[in-house]
Amino acid sequence: MDYGVSTGFSSQYLTTLMAIFVPTAMTKNRCKVRANYYLRLLSVLIGLTILTFKGFTSDKSEQLILSPLTIIDSIPLKDTVPKANDSLLLKKDSLVNRVDTFSVPLSADSLTDPVNYKANDSMVLDVVTKKIYLYGKSEVKYTDITLSAPEIAFDQATQMVTARMGKDSVGNVVGMAKLTQAETTTVSDSIKFNFKSQKGITHNSFFQQQEIYNFAEKVKKMDAETFFAYRGRFTTCNLDTPHFAFRFKKAKFVNQKVAVTGPIHPEFEDVPIPIYLPFGIFPLASGRRSGILPPQLTFTEDFGVGLEGLGYYKVFNEYLDAKIWTDLYSYGSWRLNFAPTYRVRYKFSGGFPLSFQNTKFAFKGDPDYSQTKSFFVTWNHSMDSKARPGETFTANVQAGSSKYLRLVPNGALMNPGANPSGSAGGGYSQPINFTNQLNSSISWQKQWIGRPYALAVNLNHNQNTQTGIVNLNLPDIGFVVNTIYPFQAKDFVGGSKWYDKLGIGYNGNVKSQVSFYDSAFSFGQLIDTMQWGANHDIPILLSLPPLGPFQVAPNVSFRTRWYGQKFFRTWNDNLEKIDTTIQKGFYTAQEMSMGISINTALFGTYISRNKDAHIQAIRHVMRPSIGLNYKPDLMKEFYYREQIDTLGNQLLFSTFDGSIFGPYSPGRNGGISFGLDNNLEMKVKSKKDTGENAIRKVRIFDGFGVSGSYNFLADSFKLSTMSLYARSMLFEKVNITANANWDPYQFDERGFRINKYAWQADKFSLGTITNGSLNISTNFQSKKKDKNKKTKEELLKESNMINQDQLMAQLDYVRRNPAEFADFNVAWSVNIGLSAQFARIVKPDYSGFKNEFTSSFNFSGDFNLTPKWKVGANGYYDIKNLEMQSFTTFISRDLHCWQLSINITPIGLYRFFSININPKSSLLRDLKVNRTRYFYNQ
């Protein structure tokens, strides 16, 4: 039976009741005289009590509010009661004076809010001691405090509540005392808590702060935010008997902020470890906090013993923080890193990491001794799209010495802080060590809302770390006017005219570029290599209504380009080579074209007559297109033929070769362009499923086709090369893309084209595939054990505490270090990819052509050896050279609250192995045991 009461009565009411039931010393005569009075009063009170607690006879939990009630003795203290007529006074109904509860002031020991309590078993109200006892599954609530236990006692006089755990007849615990206030829940053997002072004491208590599970023999609560603990432990293991813990004698906790302990030492499986610290400070609040970055020990063949990641992280305010750390090696190499980040919520965010390293190989005096100083700079900036509608500013800069990446044994330093597990140094990064091309961009874009104008200003940088050549585009300005219809009226009256659909637009682009070697930078070199150019394009379109199944679109385009130099090649008979000269100046070239295009679509469907057939239908869609175009020859004066070898062979060159925008194509063009795109899919019927999903659509080819052109006005090679393509997602799993160029003409013995079709030769041929590519990729994995459990990548993508660049860096670290982030929720997974490219290119001395072929196979996969062991590997195989370029294998062991990971790379530019044991909790992410060693091949 449940009992529920909400009390609001003061001690004045209880005091009055006790004064009635426990009279003071008086004479025996007065007692006899008042005997009838007490008997009658007692019967009235018993009746009231029976009526008051009548609601408790119900099985449902009810609440009853007892208002303050004052019962006043109307008989004076003096002995003035008449001897004979005293009994007549008892007839008056003036013995009880009920006072309006709204007019009675609360006593000093009353609470500000009602105390709500209930019990499943029984409730005892002791009026004399002013205590209430609750038995069974009981609960007491006061403001934001909730106390539940099998047994609770509440003292109205002291406002003290006491809760104890419950045991059955054989001594088994059937319930614990639980106190919840604010964000802290404490589970204890016993709890004493004062509602008024908010102070309390608990014994054998468990409570959680963020990721820390705490236990203490005694906890003294001072207020809602602060409490002290005596003889306890804390851990991130959620088991009752944790795998590891930190033992302390005294500790102070500030709710959701910090925990400070005295002398502390670790223990594993209840075995103390003789490593003592004089004190411990553990942040409990989420978010950024300043502090020391602990290092990790590494061993490298060329750098020696290393201490990586030693530094300090400083939070200046909510907008700015910075991290500085160093990597030191026993052979004399060192690296200094500084990584500030900034952010203004809903406006922008970014970071500006810098790194400087001094690399030494061998020792002074050795013949192979070398010392190299290099640096690296990155800058990432992103702007919130809502900060300034229509305007964006982004930056992604990567620049530095060409040798920096090759000399970094730990490539994650390129993105400081990229390690989600917390190490300042991060993990090994083979892809960065192989990187030989760096690219940067700074972009500002403005879109005028409600207007067709758009402006974009870009600063671009690319750097080849192998050759050391740096190219800078400063700046790249683009201005676009979207298609406008000048003859279209704002308000239509009747039908529209054909000229209403006549539109005109503009695309303009201005670029400048400088080139230099990063090891030989000079201002004079910038001036010599600087070039600029501009491109202007004015398209004129006419959108006509469909002519039945055909869509007709005429077009006219005017284009002009500005150049800052001309490039000439001349044959040198004495040296038997080609000399080049550059002529600075301002030059222009124009091009005009016009044409009309016609597009349509054809559909073909095959439907099986057999309703039980596996293939129910096949659908084929063809989208042919044809166009007529004309382009006059406005580039004739800018093309010439020049000898390229001692045999007198010549090639066609342009004076604008090597410029930023390049030359327009030579010759007149008056002909036809054509193309055919196809889509093929089918519907198949399942042999097992007979419901709504019995028939499903299967894509065979997402697209395949051909395109080309024929120039009636050309004097030779009228038929262009054909572009072939195909793409498919077979079985919704295998992604296939293929591209190729087909040349329909013959070639001489040196590989140059002859103006004869391939099928006109003595031996029939359809032509030659001059270049092409094929990419196949797929992935397979088992079903997730827990569909609701998210992977590390999914959790990172949902995080709103980092910007996009930091997100990509952390995702890259997770993919490169699979052992540290093994997903045991997926029993097995396999990812494979095949890539092949070939091309027919001219030789550097123009003596002919050569074919280049590259092919590679990359793979990755893992599987659960047991529910707690995972084994995996990934690699890159060069099919052309029949050589494994890189191979990495890993083993991961789930230790519940800890994780063991072993990474081994026996093949690659950087061979290494690492053994890492660390807690899973991010709070103790720097508490790890690591053994890493690198083997560098120069």
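Residues numbered from 1 in each chain as written. Predicted model: local features only at pLDDT ≥ 70, side-chain atom pairs only at ≥ 80, totals over all residues. Heavy atoms only, no water.

Caption draft 1: Here's a closer look at the overall build of the protein. Tallying secondary structure elements over the protein gives 9 helices and 54 strands in all. Burial analysis of the protein (938 residues in total) assigns 37% to the buried set. Contacts in the protein between residues far apart in sequence, at least 24 positions, make up 53% of those at least 6 positions apart. (Helix = DSSP H or I, 4+ residues; strand = E, 2+ residues; numbered from the N terminus. Buried < 20%, exposed > 50% of the residue type's maximum accessible area, 1.4 Å probe, protein only. Contact = heavy atoms within 4.5 Å.)

Caption draft 2: Region of interest: the pairing of strand β22 (residues 296-300). The alternating pattern of β22 places Gln 296, Thr 298 and Thr 300 on a buried face, while none of Leu 297 and Phe 299, on the opposite face, is buried. Judged from the 5 bridges that link them, β22 and strand β23 (residues 304-315) form a sheet pairing that is antiparallel. Following the sheet pairing, Gln 296 is matched in β23 by Glu 308. Following β22, the chain reverses through 3 residues before pairing antiparallel with β23. (Pairing = 2+ DSSP bridges.)

Caption draft 3: The pattern of salt bridges, seen in detail. In the structure shown here, the tally under the stated rule is 22 salt bridges. Between Lys 850 and Glu 852 there is a salt bridge, with the nearest N and O atoms lying 3.9 Å from each other. Salt-bridge contacts for Lys 870 lead to Asp 862; the nearest nitrogen and oxygen are separated by 3.1 Å. Within this structure, Arg 559, Glu 591 and Lys 631 form a network of salt bridges that share partners. (Salt bridge = Lys/Arg side-chain N within 4 Å of Asp/Glu carboxyl O.)

Caption draft 4: Summary view of unusual backbone geometry. Of note, the phi angle at Gln 159 is positive, near 60°, even though the residue is not glycine. Among the secondary structure elements, Gln 159 is positioned in the loop between β6 (145-155) and β7 (160-164). The phi dihedral of His 896 is positive, around 70°, even though this residue is not glycine. The topology assignment puts His 896 in the loop between β51 (883-895) and β52 (898-907).

Caption draft 5: Molecular detail of the environment of Ala 362. One can find Ala 362 in the loop between β27 (354-361) and β28 (370-383). Residues Ala 362 and Phe 303, spaced 59 residues apart in sequence, show a C-alpha to C-alpha distance of 8.6 Å.

Caption draft 6: Up close: the environment of Glu 591. Topologically, Glu 591 is positioned in strand β36 (residues 577-599). Residues Glu 591 and Tyr 664, 73 residues apart in the sequence, show an inter-C-alpha distance of 7.2 Å. Leave out the neighbours within four places in its chain, and Glu 591 touches Ser 557, Phe 558, Arg 559, Lys 631, Leu 634, Tyr 664 and Ser 665. Engagement of the side chain of Glu 591 in a polar contact is seen with the side chain of Arg 559, the distance being 2.7 Å. (Polar contact = N/O pair within 3.5 Å; in protein donor to acceptor, adjacent residues only side chain to side chain.)

Caption draft 7: Examining the side chain of Asp 537 more closely. One can find Asp 537 in strand β34 (residues 531-542). Summary of buried charges: Asp 537 has no salt-bridge partner, and the nearest side chain of opposite charge, Arg 559, is 4.4 Å away. Within the structure, the side chain of Asp 537 is placed 3.0 Å from the side chain of Ser 557, a separation counted as a polar contact. (Lys, Arg positive; Asp, Glu negative; His and termini not counted.)

Caption draft 8: Summary view of the environment of Lys 868. As for its placement among the helices and strands, Lys 868 is situated in the loop between β49 (849-866) and β50 (869-878). Among the residues examined, Lys 868 registers a relative accessible area of 37% and is labelled partly exposed. For the pair Lys 868 and Ser 892, spaced 24 residues apart in sequence, the C-alpha separation works out to 8.2 Å. When sequence neighbours within four positions are dropped, the list of residues in contact with Lys 868 reads Phe 824, Ser 892, Arg 893 and Asp 894.

Caption draft 9: Representation of the packing of aromatic side chains. According to the stated counting rule, one finds 36 aromatic pairs in the structure shown. Here the aromatic rings of Trp 532 and Phe 586 are separated by 5.9 Å at their centres, their planes lie at 15°, and the arrangement is stacked. You can see Trp 532 sitting in strand β34 and its partner Phe 586 sitting in strand β36, a full 54 residues away along the chain. Aromatic ring contacts, followed pair by pair, group Phe 234, Phe 244, Phe 246, Phe 268, Phe 282 and Trp 898 into a single cluster. Note that Lys 323 overlies the ring of Trp 325, its terminal NZ or CZ placed 5.0 Å from the centroid. Positioned above the aromatic ring of Phe 824 is the side chain of Lys 870, whose terminal nitrogen or guanidinium carbon lies 5.8 Å from the ring centre. (Phe/Tyr/Trp six-rings, centres within 6.5 Å; stacked < 30°, edge-to-face > 60°. Lys NZ or Arg CZ within 6 Å of the ring centre and 35° of its normal.)

Caption draft 10: Highlighting the pairing of strand β44 (residues 734-743). Pairing of strand β43 (residues 722-730) with β44 involves 9 bridges; the strand directions are antiparallel. Across the sheet, residue Arg 727 finds its bridge partner in β44, namely Thr 737. Turn length for the β43-β44 hairpin, with the two strands adjacent in sequence and antiparallel, is 3 residues, and the turn residue Phe 731 shows positive phi of about 55°. Where β44 meets strand β47 (residues 768-781), 9 bridges bridge the pair, whose relative direction is antiparallel. Residue pairing in the sheet places Ile 736 in a bridge with Ile 776 of β47.

Caption draft 11: Representation of the confidence of the model for the protein in the model. For the protein, per-residue confidence averages 79 on the pLDDT scale, and residues scoring 70 or more make up 81% of the total. Predicted confidence is poor over residues 1-34, with pLDDT under 50, and the contacts of this stretch with residues over four places away or in other chains come to 87 contacts. Every residue in residues 410-431 scores below 50 in pLDDT, and together they form 76 contacts with partners more than four places removed in sequence or on other chains. (pLDDT = per-residue confidence, 0-100.)

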